[in-house]
Amino acid sequence: MGRSPVLGPEELVPAGLVEPSRLEDIRRVAGEFAVAVTEEMAALIDPADLADPIAAQFVPSATELVVAPEEQADPIGDERWSPVSGIVHRYPDRVLLKPILLCPVYCRFCFRREVVGKKPAMLDRAALDRAFDYIRQRPEIWEVIVTGGDPFLLAPRRIADIVRALDQVPHLGVIRFHTRVPVVDPPRTTRAS
């Protein structure tokens, strides 16, 4: 499986995506939240357009560090609905399974930005087994959404292991993957993956 070169905070200026005067702001944002832009996405950004919509998705801004009094650290309540590590069980009949908290790009609007791109980035084997056990023990769960981070950053073998484990749960009807990899990092998607 290939992968696209990734631009981090220091590469945004030489790539022409950020004015040199903004580099210190970018570094401060990167100190709080992950920053990465694949070359595929960078190539689509028009640096001359201050309102470029692709840049708005991936290029950091100092405004990300402004916290309003009404903001919450966990805006969608993942922590409240996480009975075991790697599981979010907000709705009775479906769960999120988050085996990885890394992404090929980091969206500036991400509602999990406080946790993605930080360590620990992956569930260890024991935690993943506990997550599978949680799903197995609840027959009301018919759908598992594998998300994160981006699960397609996992090796094809690990993705296959997850699918195999979930496919053996008799009450599951749907296994869904949430990923942006085919769009933001197409070289990573191959026939083998």
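Look up a bit, the structure's there.
Residues numbered from 1 in each chain as written. Predicted model: local features only at pLDDT ≥ 70, side-chain atom pairs only at ≥ 80, totals over all residues. Heavy atoms only, no water.

Visitor: Can you walk me through the nonpolar core in this structure?
Guide: Soluble, globular proteins show a tendency: their nonpolar side chains are buried together. Leu97, Ile135, Val144, Ile162 and Leu166 are the most contacted members of the largest nonpolar core, which totals 23 residues. Going through the elements one at a time, β4 (94-100), α4 (125-136), β5 (143-148) and α5 (156-167) are the ones with two or more residues in this core. Considering every element that reaches this core, the biggest residue donor is α4, with six residues. When near neighbours in sequence (up to four residues on either side) are disregarded, Ile162 contacts Leu97, Pro99, Leu128, Phe132, Val146 and Leu154. Ranked by size, the runner-up nonpolar core spans 17 residues in total, among them Leu12, Ile26, Val37 and Val184. (Core = buried A, V, L, I, M, F, W, Y, C linked by side-chain atoms within 4.5 Å. Buried < 20%, exposed > 50% of the residue type's maximum accessible area, 1.4 Å probe, protein only. Helix = DSSP H or I, 4+ residues; strand = E, 2+ residues; numbered from the N terminus. Contact = heavy atoms within 4.5 Å.)

Visitor: Please explain the pattern of salt bridges as it appears in this structure.
Guide: Side chains that carry opposite charge are capable of pairing whenever their charged atoms lie near each other. Scanning all chains against the criterion turns up 17 salt bridges. One continuous salt-bridge network, built from bridges that share partners, spans Glu64, Arg108, Arg113 and Glu114. (Salt bridge = Lys/Arg side-chain N within 4 Å of Asp/Glu carboxyl O.)

Visitor: Looking at this structure, how should I read the packing of aromatic side chains?
Guide: Any aromatic ring pair is given by two values, namely how distant the centres are and how the planes are angled relative to each other. Enumeration over the complete set of coordinates arrives at one aromatic pair. Sitting over the face of the ring of Phe33, Arg113 holds its NZ or CZ atom 3.9 Å from the ring centroid. (Phe/Tyr/Trp six-rings, centres within 6.5 Å; stacked < 30°, edge-to-face > 60°. Lys NZ or Arg CZ within 6 Å of the ring centre and 35° of its normal.)

Visitor: So what exactly am I meant to see when it comes to the sheet that holds β4 here?
Guide: In a beta sheet, neighbouring strands are held together by backbone hydrogen bonds and run either parallel or antiparallel to one another. Taking strand neighbours across the sheet as the criterion, the four strands line up as β3-β4-β5-β6 in an open arrangement whose pairing is mixed. Two strands lie at the open edges of the sheet, namely β3 (87-91) and β6 (174-177), each paired on one side alone. The average angle at which neighbouring strand axes cross in this sheet is 25°, direction not considered. Sheet topology places β4 next to β5; five bridges connect them, and they run parallel. (Pairing = 2+ DSSP bridges. Axes fitted to C-alpha atoms, helices over the stretch in contact; angles between N-to-C directions.)

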